[in-house]
Amino acid sequence: MVIAIDGPAGTGKSTIARMLAENCKGRDGKPFTYINSGNLYRAITLGCLREGIPPSDPVRVLEYAKRAPLVYREGKLYLGDEMVEDLLHSDEVDAHVSPLSAIVPVRHVVNDHVRKLAAGLNAVVEGRDMTTVVFPNAEYRFYLDASIKERARRRHEQGVSRLGLEEIEAAIAKRDAIDRNKEEGSLTVGDGVSCLDTSDLTLNQVYATLIEKITMEG
Ligand code: DC
């Protein structure tokens, strides 16, 4: 069973997806695995930056993406032997991940990876094209949104960026524009996907809305 969640950065997708994975059981009574597809793009970006591969060079990025040693161990993403989850939200990775994720064949590598990770499992998957391209037939599909001001405020509050609030807002606007205009897998609300604006909602309220839909329709 798959629960797919899409939406732009800063809508609380990751936290909500993790909460659902921790608290739900599939129809077979087994627990859910949480898969963050953005982290795969981020880990490929990190690997390219470390190897001196320009994230805008489609040929070299694809060559790296195909051999990148991306592994999940106990729910954490590793690049080879190194657990990299804490390194994926730096300003440098943030600045390069969006254009890298627009490279179509790189998307195919990541999509294959996500489908393999979820195969045969109950999975909560989140990203930009999980509900539209990767799992269009998922049992539950949600799109979380929020105003750009609120998303910038949330990112600023996380305290992981060296940028000021206005700079964060500008960086998010730039990434949104790229994410919404990709040749493949662009961010959009797919047919039949339940959309929720989280701007004025707490995480618990968002969670309650989604879990109600899942339980009621379950
Ligand atoms: O969800 P995130 O902010 O960690 O994603 C990082 C980048 O990867 C972001 O620019 C969007 C892109 N992405 C994508 O194109 N498709 C996905 N399924 C997930 C993320």
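In the block above lies the structure referred to throughout.
Reference entry: report on the structure contained in this document. (Residues numbered from 1 in each chain as written. Predicted model: local features only at pLDDT ≥ 70, side-chain atom pairs only at ≥ 80, totals over all residues. Heavy atoms only, no water.)

## Quick look at the sheet that holds strand β4 (residues 76-79)
Threshold: Whether two strands pair depends on DSSP finding at least two bridges between them. Comment: elements are numbered from the N terminus, with helices defined as DSSP H or I runs of at least four residues and strands as E runs of at least two.
Across the sheet, 3 strands lie side by side as β3-β4-β5; this open sheet has antiparallel pairing. Of all strands in the sheet, those with a lone pairing partner are β3 (70-73) and β5 (82-83), marking the two edges. Bridge count for β4 against β5 is 2 bridges, and the pairing is antiparallel. In the strand pairing of β5, L79 is matched with E82.

## A look at the environment of P8
The test is simple: Throughout this description, buried means an accessible area under 20% of the type-specific maximum (1.4 Å probe, protein chains only), exposed means over 50%, and partly exposed covers the range between. In what follows, a contact means two residues having at least one pair of non-hydrogen atoms within 4.5 Å.
Within the secondary structure layout, P8 lies in the loop between β1 (2-6) and α1 (13-23). Residue classification places P8 among the buried positions, given a relative accessible area of 0%. As for P8 and S147, which are separated by 139 residues in sequence, their C-alpha atoms are 9.9 Å apart. Setting aside its immediate chain neighbours within four residues, P8 contacts K13, R128, Y143, L144, D145, R151, D176, R180 and L187.

## Describing unusual backbone geometry
Unusually for a residue other than glycine, E74 sits at a positive phi of about 45°. Position of E74 relative to the elements: it lies in the loop between β3 and β4.

## Topic: the environment of Y78
Its location among the elements puts Y78 in strand β4. Residues Y78 and L40, 38 residues apart in the sequence, show an inter-C-alpha distance of 9.8 Å. If we ignore the near neighbours within four places in the chain, the residues touching Y78 are P69, L70, V71, R73, M83 and V84.

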